[in-house]
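The primary structure of each chain is shown beneath.
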Amino acid sequence: MTLSPARVPGTGVRRLTATLYGYAFLDDFVLLYPVYALLFRDTGLTVWQISSLFALWSLTGVLLEIPSGAWADGASRRVLLWFGPLLTAAGFALWVLTPSYWSFALGFVLWGAKGALSSGALEALVYEELDRLGAADRYAPAMGRARAAGLVGVMAAMGLAGPVFAAGGYPAVGLASVLVCLLAAVTASRFPEHRTAPTAAVVRPSTDEPSAEEPSTDEPLADGPSTDKPSADEPGDGWARTLRAGLAEARSNRSVRGALLLVPAVTAVWGALDEYTPLLVRDTGVPEGAVPQLLLLVWAAATVGGLLADVGQRLGTGGLAGLLAGSALALAAGAVARTPAGIALVAMAFGGFQLASVLADARLQQRIEGTGRATLTSVAGVGTDLTTVAVYGGYAVIGSTAAHGTVFALFAVPYLVTALILATRRTPARTARTADTSAPTAPG
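Read on for an overview of the structure. All figures in this text were calculated on a predicted structure; none of them were measured in a lab. Position numbers for residues start from 1 in each chain and track the written sequence from start to end. Reporting in this predicted model follows two pLDDT cut-offs: at least 70 for local features of residues, and 80 or more for side-chain atom pairs to be given and counted; totals over whole chains, interfaces and linings ignore these cut-offs and use all residues. Think of the side-chain values as coming from all heavy atoms in the structure, minus any hydrogens and water.

## Considering the overall build of the chain
Applicable threshold: Numbering of helices and strands runs from the N terminus; a helix is a DSSP stretch of H or I covering at least four residues, while a strand is a stretch of E covering at least two. Relative accessibility thresholds used throughout: buried, under 20% of the residue-type maximum; exposed, over 50%; partly exposed, between the two (1.4 Å probe, protein chains only). Contact criterion: two residues are considered in contact whenever any of their non-hydrogen atoms come within 4.5 Å of each other. Exposure was quantified through the Shrake-Rupley algorithm and a 1.4 Å probe, taking into account, for residues, occlusion by the shown protein chains and nothing else.
Along its length, the chain carries 17 helices and zero strands. Out of the 444 residues belonging to the chain, those deemed buried represent 52%. Here the analysis covers contacts within the chain between residues at least 6 apart in sequence; of these, 84% occur between residues at least 24 apart. With an accessible surface of roughly 18,800 Å², the chain has 67% of that area assigned to carbon and sulfur atoms.

## Points about the packing of aromatic side chains
Just so we agree on the cut-off: Classification of ring pairs uses Phe, Tyr and Trp, with its six-membered ring standing for Trp, and accepts pairs whose centres are within 6.5 Å; under 30 degrees between planes counts as stacked, over 60 as edge-to-face, and the remaining range as tilted.
On inspection of all chains with the given rule, the structure shows 28 aromatic pairs. Ring geometry for phenylalanine 108 and tryptophan 111: centres 5.8 Å apart, planes at 5°, overall stacked. One end of the pair, phenylalanine 108, and the other, tryptophan 111, are both in helix H5 (residues 101-118), three residues apart, so they sit about a helical turn from each other. Centroid distance phenylalanine 353 to tyrosine 415: 4.0 Å. Interplanar angle 20°. Geometry classified as stacked. Placement of phenylalanine 353 in helix H14 (residues 340-367) and of tyrosine 415 in helix H17 (residues 413-424) is noted, with a sequence separation of 62 residues between them. A residue is classified by how much of its surface remains accessible, and phenylalanine 353, at 0% relative accessible area, is buried. Three or more aromatic residues link up through ring pairs in this structure, and these residues are Tyr33, Tyr36, Phe40, Trp57, Phe92, Trp95, Phe104, Phe108 and Trp111.

## Quick look at the side chain of threonine 277
By the secondary structure assignment, threonine 277 is in helix H10 (residues 277-282). Looking at threonine 277, the relative accessible area reads 5%, which means it is buried. Sequence-distant contacts of threonine 277, defined by excluding residues within four places in its chain, comprise Leu295, Phe350 and Phe408.

## Some remarks on the packing of helix H4 (residues 77-97) against helix H7 (residues 139-188)
For any two helices packed against each other, one specifies the inter-axial angle together with the distance between the axes. Operational definition: Every angle, taken between N-to-C directions, lies between 0 and 180 degrees, and every axis is a line fitted to C-alpha atoms, over only the stretch in contact when it is a helix. Roughly parallel here means an angle under 35 degrees, roughly antiparallel means over 145, roughly perpendicular means 65 to 115, and every remaining angle is called oblique. Gly is placed with the polar residues, together with every amino acid not listed as nonpolar (Ala, Val, Leu, Ile, Met, Phe, Trp, Tyr, Cys and Pro) or charged (Asp, Glu, Lys and Arg).
Relative to each other, H4 and H7 sit at 170°, their axes nearing to 8 Å. In terms of orientation, H4 and H7 fall into the roughly antiparallel class. Here Arg78, Leu81, Trp82, Pro85, Leu86, Thr88, Ala89, Phe92, Ala93 and Val96 of H4 lie close against H7, whose contacting residues are Tyr170, Pro171, Gly174, Ser177, Val178, Cys181, Leu182, Ala184, Ala185 and Ala188. When its residues are assigned to classes, the contact of H4 with H7 shows 16 nonpolar, three polar and one charged.

## Here's the deal with the nonpolar core
Just so we agree on the cut-off: Definition of nonpolar core: a set of buried residues of the types Ala, Val, Leu, Ile, Met, Phe, Trp, Tyr and Cys, connected through side-chain atoms within 4.5 Å. Where each domain starts and ends comes from a domain assignment, either automatic or drawn from a database.
In this structure, Phe191, Leu331, Phe350 and Phe408 are the most contacted members of the largest nonpolar core, which totals 84 residues. The leading source of residues in this core is H14, at 13 residues. Both domains that meet at this core, namely domain 1 (10-195) and domain 2 (250-425), each give it at least three residues.

## A look at helix H13 (residues 317-337)
As a reminder of what qualifies: An expected span of 1.5 Å times one less than the residue number is assigned to each helix.
When the terminal C-alpha atoms of H13 are compared, their 30 Å separation across 21 residues agrees well with the 30 Å that a helix rising 1.5 Å per residue should span. All of the buried residues in H13 are Thr317, Leu320, Ala321, Leu323, Leu324, Ser327, Ala328, Ala330, Leu331, Gly334 and Ala335. Packed against the buried residues of H13 are helix H9 (254-273), H10, H14, helix H16 (404-410) and H17.

## A few points about the environment of arginine 138
Among the secondary structure elements, arginine 138 is positioned in the loop between helix H6 (121-132) and H7. In this structure, the C-alpha to C-alpha distance between arginine 138 and alanine 309, residues 171 residues apart in sequence, is 9.6 Å. Each residue touching arginine 138, except ones within four places of it in the same chain, is listed here: Val13 and Leu130.

None of the figures reported here should be taken as evidence of function without further support.
The following block contains the structure:
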């Protein structure tokens, strides 16, 4: 039976999103997550050594983020998504087979490289495949559900890590984590990819709405990752060309620059604060056994925030500003309350920030018109990573003399500033294909 033209895009969208959700779930369904800090301590590492491992992890991602994004623009993005989980599988195997500081360090380098390979490549692949099917408007809902699937994976890993650890200790938890990484690699190989390597930089004025062009007539890349081929150019030349193409669009397009700044402004602070939520919850005075339950409330709210992307994408710039301001006020009020009810407000704030993060990413993807989509997404990722490190440093300084609730409330201020910039820089709607003037030069 021959599928009608209307059914073919629908089938393609379902295949793409099903693969995306499965990949996102498996990517975070790692049973080592809740216990790897315990593994480090039980191996005899000091707090300084553990902190140095986290720094090495972050540094690896920062150094490789933009080069890997340019690589993803010049080669097969699906291959990078397939190869990344294999790196983490090797790292996790090292951790449990030969636990030592240097094994942990090498594992974090591999993990950081995996994160750099997938960051930018995943967003670019999903957006361009949806755009090819005339469904670019589904990008924000799809990525919101993907983030929700990842959070469900984290919560599932937290629930299963205890029983698996009790049954087989670190080797059992490590084996389960390696197997999940291998499953993630297999899932990545099922991503559809219809694209050819770029031959020249294309920089056009961006629009607020993604184009709904007819599906590309390019020959699709083969389903298996082993048959994907990069550009026919020399590898170094192709990498440099795609890097220049992406950066050129950022320099020439004010709308893209604003969207690039908005991503870290929205994503970094709450992402860093998440690491300190157990300390904030414990300061409310609840028993130690109740801390995980309240943390689960925060994770659940963030999951709901991702699922609301379908509704949230209807918000304009003013609506996004209101979302950020309301979430910031909820974060500050909930944090200074130092009560379980206050944690519910913090959870609501995290749900709002999760939604805003998805919308900020969607705004960036909609404004990119050239060939450097993965490169520019990686530039935003570097901005997020660097801002996150700055938040860690700021938290360490302020938190040494102030309560955790006070620190959380202070970090609500950047969101209020971002909301104010978005609200005051709004401009009237423009006609189609006119250069975008709605995005400010500051975050937006």
